[in-house]
Amino acid sequence: MLRRLLLAACAALLPATLPGGANAQGTIRIGMTAADIPLTHGQPDQGFEGNRFTGIPLYDSLTAWDLSSADRPSTLIPGLAERWESDPADRTRWIFHLRRGVTFHDGSPFNADAVVWNVRKVLDRDAPHYDARQVGLTASRMPTLRRAEKIDDYTVALFTSEPDSLLPINLTNLFMASPAHWERLRAQHPTAEATWNAFAANPSGTGPFRLVRLVPRERAEMVRNESYWGTRARAERIVLLPIPDANARTAALLSNQVDWIEAPAPDALPQIRSRGFVITHNVQPHVWPWQPCFVGDSPLRDVRVRRALNLAIDREQIRALLGGLMVPAVGTVQPGHPWWGNPSFQIRTDLAEARRLLAEAGYGPQRPLNLRVQISASGSGQMQPLPMNELIQQQLRQVGVHVEFDVVEWNTLFTNWRNGCQHPSARGAHAINVSFAAMDPFFAMVRFWDSKMAAPVSNNWGMFSDPRFDALVAAARNAFDPAERDAALARLHAAGVDEALFIWIAHDVAPRAMSRRIQGYVQPQSWFVDLRLPYIQ
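Please read all numbers here as calculations on a predicted model, not as lab measurements. (Residues numbered from 1 in each chain as written. Predicted model: local features only at pLDDT ≥ 70, side-chain atom pairs only at ≥ 80, totals over all residues. Heavy atoms only, no water.)

1. Examining the pairing of strand β4 (residues 81-86)
Inference 1: By the bridge criterion, five bridges tie β4 to strand β5 (residues 93-98) in an arrangement that is antiparallel. Across the sheet, serine 86 pairs through a bridge with tryptophan 94, a residue of β5.
Inference 2: Here β4 folds back onto β5 in antiparallel fashion, the turn holding six residues. (Pairing = 2+ DSSP bridges. Helix = DSSP H or I, 4+ residues; strand = E, 2+ residues; numbered from the N terminus.)

Shown next, in the form of structure tokens:
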């Protein structure tokens, strides 16, 4: 009865303007974990939930992820570039051959000039359309890219600061916005910032959907792009609704106010199933860790402390908390993965060894270890961060570790993640809890363990710096042969686990609950989904 009353109360908090089931034919209504609609100007915020819901649907990038299968890991495929190659005479120069016949939503053509313009929007401070807000959302995801040069109308050269075999993967995060549409808006606005604000309200990409309505913190509505260059979307309309509370999302689904929710409340899973809804999940490269701070007076500078924390956590208890919908993490990738590398430190639950290591590091009953961890209450890929972290807090207390949480809004946490642990926004945190996608080497390891990626360049929040790891990263970046690169990455990963560079906790399996009326949906082994595939029957 208490559960039913809670769900009814949460449902009452949702906007009264949500369409009912009778109006939803051809429309898929999605309850997101984010507290706001991700930015729509071409470089989304809200982490990868932004890429999933306003990046990939509204825009395209030169390279893309294959999201068509649930049975195999997602791989890199052509997007707006049909093919690409590294110049063997100059490994800092890449040639991209562009797809012909593609138009933006405003009808203007996509070509090499558009690629150069979109590179300049985040890298060239002298460009009239440079947008500092988009830099923070993009540059950290492709830190070696320096400039673009037109070769002809459908061929462009991209240049990196050093040989970097990972660039084609990084470019999945650079979305192509329409220069012509921006220029038309610029004539009506006094500054580049004002122009980009107008662009966000009426964006123009090349993606399979077009934005037709945007109400910040309430809803975004996208309709199918009938002129899309690739396979057209099957749904006529997608409605995005920010519902950060898991109980409220669940209430919205059970009351037929939405058709699909991200991360349903774990204790409501039996009720969701009994009401005839479908719960989907799949193994995916996505990690939920604590990332340590390695500078100043942080106690996590000591590898013995980091190893002790890894050993003091009971991941099976966390799995039970989540209704079985997670995979325990013993590294950034799982054993058997090409990058696993057979580390010597075996992550497991071993309270006796955790206490021994803490005592060796000088902590015990007379000198307890006090930690401050910055976390969020919800957000992109954060699973159920409050109950998960509270359970970890209880577990660590058993070995004499006292944890205090600094709880901030998800997008604030994501911004702080780029600032680093020495920045005032860290507020004295010794670790930060930000989940991340690990489908490629840069996102999985390089941006955390390369000293050149220290904040604010990329996501080395902990300011980790070790020449040995810099050399391992350089070996991977310079390996243009896939087998050689995998071997270099295996060495890097094994070294990272042995040094306990994260407190690894969980791999997300992306649970979603949805109406049986949704057909065609594919849950890929990826953080992203292809919104062209599902439709309402």
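Resuming the write-up.
2. A closer look at the packing of helix α15 (residues 441-449) against helix α17 (residues 482-498)
Inference 1: Axis separation between α15 and α17 bottoms out at 11 Å; the angle between their running directions is 55°. Compared by their axis directions, α15 and α17 come out oblique. The interaxial crossing formed by α15 with α17 has left-handed handedness. For the pair α15 and α17, the contacting residues are Pro441, Met445 and Trp449 in the first and Leu489, Leu492, His493 and Gly496 in the second.
Inference 2: Residues that form the contact of α15 with α17 fall into these classes: five nonpolar, two polar and no charged. (Axes fitted to C-alpha atoms, helices over the stretch in contact; angles between N-to-C directions. Parallel < 35°, antiparallel > 145°, perpendicular 65-115°, else oblique. Left-handed = near helix turned anticlockwise from the far one by under 90°. Contact = heavy atoms within 4.5 Å. Nonpolar A, V, L, I, M, F, W, Y, C, P; charged D, E, K, R; others polar.)

3. Overview of the environment of isoleucine 272
Inference 1: Positionally, isoleucine 272 belongs in helix α9 (residues 269-274).
Inference 2: The exposure class of isoleucine 272 is buried, given its relative accessible area of 0%.
Inference 3: For the pair formed by isoleucine 272 and alanine 359, sequence separation is 87 residues and the distance between their alpha carbons is 46 Å.
Inference 4: Each residue touching isoleucine 272, except ones within four places of it in the same chain, is listed here: Thr250, Leu253, Leu254, Pro264, Phe277, Ile279 and Ala513. (Buried < 20%, exposed > 50% of the residue type's maximum accessible area, 1.4 Å probe, protein only.)

4. Points about the nonpolar core
Inference 1: By size, the foremost hydrophobic cluster in this structure holds 90 residues, and its most contacted members are Trp290, Ile318, Leu396, Val401, Trp449 and Ile505.
Inference 2: Element by element, the count of residues in this core is highest for α15, at seven residues.
Inference 3: Setting aside anything within four residues of it in sequence, one finds tryptophan 449 in contact with Thr332, Phe464, Phe469, Asp470, Leu492, His493, Gly496, Leu501, Phe502 and Trp504. (Core = buried A, V, L, I, M, F, W, Y, C linked by side-chain atoms within 4.5 Å.)

5. Side note on the confidence of the model for the chain
Inference 1: Taken residue by residue, the chain gives an average pLDDT of 94. The fraction at 70 or more is 95%.
Inference 2: Throughout residues 1-24 the model reports pLDDT below 50, and contacts reaching past four residues in sequence, or to other chains, amount to 38 contacts. (pLDDT = per-residue confidence, 0-100.)

6. Quick notes on the pattern of salt bridges
Inference 1: The tally for this structure, following the rule as stated, stands at 31 salt bridges.
Inference 2: The residue arginine 512 makes a salt bridge to glutamate 262 at a minimum N-O spacing of 2.6 Å. Here the residue arginine 512 occupies a position in strand β20 (residues 512-514), and glutamate 262 occupies one in strand β11 (residues 260-262), the gap between them amounting to 250 residues. For the pair formed by arginine 512 and glutamate 262, the shared burial category is buried.
Inference 3: For the salt bridge of glutamate 316 with arginine 319, the shortest nitrogen-to-oxygen distance reads 3.0 Å. Here arginine 319 and glutamate 316 lie together in helix α11 (residues 315-321), a separation of three residues that amounts to about one turn.
Inference 4: A residue is classified by how much of its surface remains accessible, and arginine 319, at 26% relative accessible area, is partly exposed.
Inference 5: Counted as one network, the salt bridges with shared partners bring together Asp302, Arg304, Glu353, Arg356 and Glu360. (Salt bridge = Lys/Arg side-chain N within 4 Å of Asp/Glu carboxyl O.)

7. Looking at the layout of surface pockets
Inference 1: The computed volume of the largest pocket comes to approximately 600 Å³.
Inference 2: Lining the largest pocket are 28 residues, with Pro73, His337, Trp339, Ala438 and Met439 positioned closest to its centre.
Inference 3: Of the residues that constitute the lining of the largest pocket, the class distribution is 15 nonpolar, 10 polar and three charged. (1 Å grid on protein atoms, 1.4 Å probe; cavity = no way out; pocket = protein on both sides within 12 Å on 5 of 7 lines; lining within 4 Å. Points joined across faces, edges and corners; volume = space filled by probe spheres on them.)

8. A look at the sheet that holds β4
Inference 1: The antiparallel open sheet is built from four strands, whose spatial order is β4-β5-β7-β6. The sheet is open, and its two borders are formed by β4 and β6 (145-152), each paired with just one other strand. Sheet twist, expressed as the mean angle between neighbouring strand axes with direction ignored, is 20°.
Inference 2: One ladder, built from five bridges, connects β5 with strand β7 (residues 155-160); its direction is antiparallel. What sits directly across from phenylalanine 96, in β7, is valine 156.

9. Quick word on the packing of aromatic side chains
Inference 1: A complete count under the given rule lists 26 aromatic pairs for this structure.
Inference 2: Here the aromatic rings of tryptophan 94 and phenylalanine 96 are separated by 6.5 Å at their centres, their planes lie at 35°, and the arrangement is tilted. Note on accessibility: tryptophan 94 and phenylalanine 96 belong to one class, buried.
Inference 3: Judged by centre distance (6.2 Å) and plane angle (35°), the rings of tryptophan 94 and phenylalanine 480 are tilted. Here the residue tryptophan 94 occupies a position in strand β5, and phenylalanine 480 occupies one in the loop between α16 (467-477) and α17, the gap between them amounting to 386 residues.
Inference 4: Owing to a relative accessible area of 23%, phenylalanine 480 belongs among the partly exposed residues under this scheme.
Inference 5: Counting every residue linked through ring pairs, the aromatic cluster contains Phe294, Trp410, Phe414, Trp417, Phe436, Phe448, Trp449, Phe464, Phe469, Phe502 and Trp504.
Inference 6: Sitting above the plane of the phenylalanine 345 ring, arginine 307 keeps its charged end 4.8 Å from the centroid. (Phe/Tyr/Trp six-rings, centres within 6.5 Å; stacked < 30°, edge-to-face > 60°. Lys NZ or Arg CZ within 6 Å of the ring centre and 35° of its normal.)

10. Regarding helix α2 (residues 47-55)
Inference 1: In terms of residue burial, α2 counts as a mostly covered element, since nine of its nine residues are buried.
Inference 2: Every buried residue of α2 is listed here: Gly47, Phe48, Glu49, Gly50, Asn51, Arg52, Phe53, Thr54 and Gly55.

11. Observations regarding the sheet that holds strand β9 (residues 219-224)
Inference 1: As summarised here, the arrangement of the seven strands in space is β8-β9-β10-β1-β11-β20-β12, forming an open sheet in which the pairing is mixed. Two strands lie at the open edges of the sheet, namely β8 (209-215) and β12 (278-280), each paired on one side alone. With strand direction ignored, the average angle separating the axes of adjacent strands in the sheet is 20°.
Inference 2: Of the pairings in the sheet, the one linking β12 to β20 comprises three bridges and is antiparallel in character. Across the sheet, residue threonine 280 finds its bridge partner in β20, namely arginine 512.
Inference 3: Along the sheet, helix α8 (residues 246-254) contacts β1 (27-32), β11 and β20; its crossing angle with β11, the most-contacted strand, is approximately 170°.

12. Structural notes on the packing of α15 against α16
Inference 1: Axis separation between α15 and α16 bottoms out at 9 Å; the angle between their running directions is 140°. The orientation of α15 with respect to α16, classified from their angle, is oblique. Both α15 and α16 take part in a crossing whose hand is left-handed. From α15, Phe442, Val446 and Trp449 reach across to α16, where they touch Phe469, Asp470, Val473 and Arg477.
Inference 2: Along the lines of polarity and charge, the residues of the contact of α15 with α16 split into five nonpolar, no polar and two charged.

13. Looking at the environment of isoleucine 261
Inference 1: Assignment of secondary structure puts isoleucine 261 in strand β11.
Inference 2: Distance in space between the C-alpha atoms of isoleucine 261 and arginine 141 is 27 Å, their sequence separation being 120 residues.
Inference 3: For isoleucine 261, the contacting residues outside a window of four places in its chain are Gly31, Arg249, Thr250, Leu253, Pro511, Arg512 and Ala513.

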